[in-house]
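Coordinate inspection notes
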Amino acid sequence: MICTLLAFFSYIAKIMAGNQERTFIMVKPDGVQRGLVGEIIKRFEAKGFKLVALKFVWPTQELLEKHYADLSSRPFFPGLVKYMSSGPVVPMVWEGLNVVKTGRQMLGATNPADSLPGTIRGDLCIQVGRNIIHGSDAVESANKEIALWFPNEKDLVSWTPANVNWVYE
Ligand code: IDP
Ligand code: MG
């Protein structure tokens, strides 16, 4: 009996842990300037993911150099930092089952020329240097990016959406 209960609770704990995966999504300056913030948020909400944090900021070059540190040796890096610091952005944290991988699928390929119709980039932009949205590529980078953009624990809101039992079985 106790063993069955323990197995049951560990099963629930596993599911809960999976459902609480988080990713870092950011509407880039071109997405903000083009009035696509609502459209992008709408897609993540409609999918069933949970919004955990959101802000509207004009990021510094210093922050962006940290965010894109892995790309610092690439020829497009200076242009990337200039573009990303050219106006306000909307950094967000979204939570849910497999949200990192599914979020990347929702964004589409890095180069909009290769992004499938139905994806955010596939539907809403044309060139790689103006691809309107960022999404973490792995759980580890998501955690780093969340800590960089939302350094205070109180920036991340703990809450249970009313629809949770209609999104997850
Ligand atoms: P990702 O955003 O899909 O993860 P990354 O390879 O991590 O793609 O590149 C980060 C960002 O750098 C891209 O979203 C895009 O804005 C920019 N970028 C990537 N490759 C190029 C390029 O060849 N020219 C200009 N900008 C690029
Ligand atoms: Mg990337």
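Under an unreviewed UniProt entry, the chain has the name Nucleoside diphosphate kinase and belongs to Orseolia oryzae. Its UniProt record, at the heading Cofactor (unreviewed entry), says of the chain: "Mg(2+)".

**Focus on the UniProt feature "binding site: ATP" (unreviewed entry) in the chain**
The feature "binding site: ATP" (unreviewed entry), as annotated in UniProt, sits at K28, F76, R104, T110, R121 and N131 in this numbering. Tracing the backbone through its elements, the reader meets K28 in the loop between β1 (22-27) and α2 (29-33). In this structure, N131 sits in the loop between α7 (120-124) and β4 (133-135). Once you skip the residues sitting within four places of it in the chain, N131 turns out to touch K28, D30, Y83, T110, P112, R121 and C125.

**Thoughts on the UniProt feature "active site" (unreviewed entry) in the chain**
The feature "active site" (unreviewed entry), as given by UniProt, occupies H134 in the numbering adopted here. Structurally, H134 can be placed in strand β4. Its relative accessible area of 9% is what places H134 among the buried residues.

**A short note on the environment of E145**
As for its placement among the helices and strands, E145 is situated in helix α8 (residues 139-149). Residue class for E145 comes out buried when judged on its relative accessible area of 10%. Sequence spacing of E145 and F24 is 121 residues, and the spatial spacing of their C-alpha atoms is 6.4 Å. In this view, E145 contacts F24, H67, H134 and S136; residues no more than four positions away in its chain are not counted.

**A few points about the packing of aromatic side chains**
What the rule picks out here adds up to four aromatic pairs. Pairing F24 with F150 gives two aromatic rings, centres 6.5 Å apart and planes at 65°, and the pair type is edge-to-face. Of the two residues, F24 is situated in strand β1 and F150 in the loop between α8 and α9 (164-167); the sequence distance between them amounts to 126 residues. Just as F24 is buried, F150 falls in that class too. By way of ring pairs, the aromatic residues F24, W149 and F150 are connected into one cluster. Lying across the ring of F150, K55 places its NZ or CZ 4.8 Å from the centre.

**A few points about helix α6 (residues 99-107)**
V99, V100, T102, G103, M106 and L107 are the residues of α6 that are buried. The secondary structure elements touched by the buried residues of α6 are β1, α3 (37-47), β3 (90-95), α7, β4 and α8. Of the residues one or two after α6, G108 is the one with positive phi, at around 90°.

**Focus on the site of ligand 1**
Around ligand 1, the structure places K28, Y68, L71, F76, L80, R104, T110, R121, V128, G129 and N131. Between ligand 1 and R104 there is a distance of 2.7 Å, counted from an oxygen atom to a side-chain nitrogen or oxygen. The separation between an oxygen atom of ligand 1 and a polar main-chain atom of V128 is 3.4 Å. Taken by itself ligand 1 offers 530 Å² of open surface, and the protein chains cover 74% of this.

**Section: the packing of α3 against α6**
In the contact formed by α3 and α6, the axes pass within 12 Å of each other and the chain directions differ by 135°. Relative to α6, the element α3 is oriented oblique. Seen from above, α3 lies across α6 with right-handed handedness. Contact residues: R43, F44 and K47 in α3; T102, G103, M106 and L107 in α6. Here the residues of the contact of α3 with α6 are counted per class, giving three nonpolar, two polar and two charged.

Calculation criteria
- Numbering of residues begins from 1 in every chain and follows the order in which that chain's sequence is written.
- Following the order in which they are written, the chains are lettered starting with A and the ligands numbered starting with 1.
- Where totals are concerned, whole chains, interfaces and linings use all residues; where local detail is concerned, this predicted model gives features only for residues with pLDDT of at least 70, and gives and counts side-chain atom pairs only at 80 or more.
- Side-chain numbers come from the whole structure's heavy atoms, not from hydrogens or water.
- UniProt positions are given in the numbering used here, feature names are shortened, and annotations may be inferred rather than shown by experiment.
- Helix and strand definitions follow DSSP, with helices as H or I runs of at least four residues and strands as E runs of at least two, each counted in order from the N terminus.
- Contacts are assigned to residue pairs that have any heavy atoms within 4.5 Å of one another.
- Only protein chains enter the accessibility calculation, which uses a 1.4 Å probe; a residue whose area is less than 20% of its type maximum is buried, one above 50% is exposed, and one in between is partly exposed.
- Ring pairs shown here join Phe, Tyr and Trp side chains whose ring centres sit within 6.5 Å, with only the six-membered ring taken for Trp; geometry is labelled stacked below 30 degrees between planes, edge-to-face above 60, and tilted in between.
- Whether a charge sits over a ring comes down to the Lys NZ or Arg CZ being within 6 Å of the ring centre and within 35 degrees of the ring normal.
- Here a residue counts as near a molecule or strand whenever at least one of its heavy atoms sits within 4 Å of it.
- Distance and chemistry together define a polar contact, namely a pair of N or O atoms within 3.5 Å, with one atom able to donate a hydrogen and the other to accept it when in protein, and with adjacent residues in sequence counting only for side-chain atoms on both sides.
- The method behind every accessible area is Shrake-Rupley, applied with a 1.4 Å probe, and residues are considered shielded solely by the protein chains displayed.
- What counts as an axis is a line fitted to C-alpha atoms, over the stretch in contact for a helix, and the angles between N-to-C directions run from 0 to 180 degrees.
- An angle below 35 degrees is read as roughly parallel, one above 145 as roughly antiparallel, one from 65 to 115 as roughly perpendicular, and any other as oblique.
- Here is the rule for handedness: rotate from the far helix to the near one, and if that takes an anticlockwise turn smaller than a right angle the crossing is left-handed, while a clockwise turn gives right-handed.
- Gly falls in the polar group here, along with every residue not listed as nonpolar (Ala, Val, Leu, Ile, Met, Phe, Trp, Tyr, Cys, Pro) or charged (Asp, Glu, Lys, Arg).

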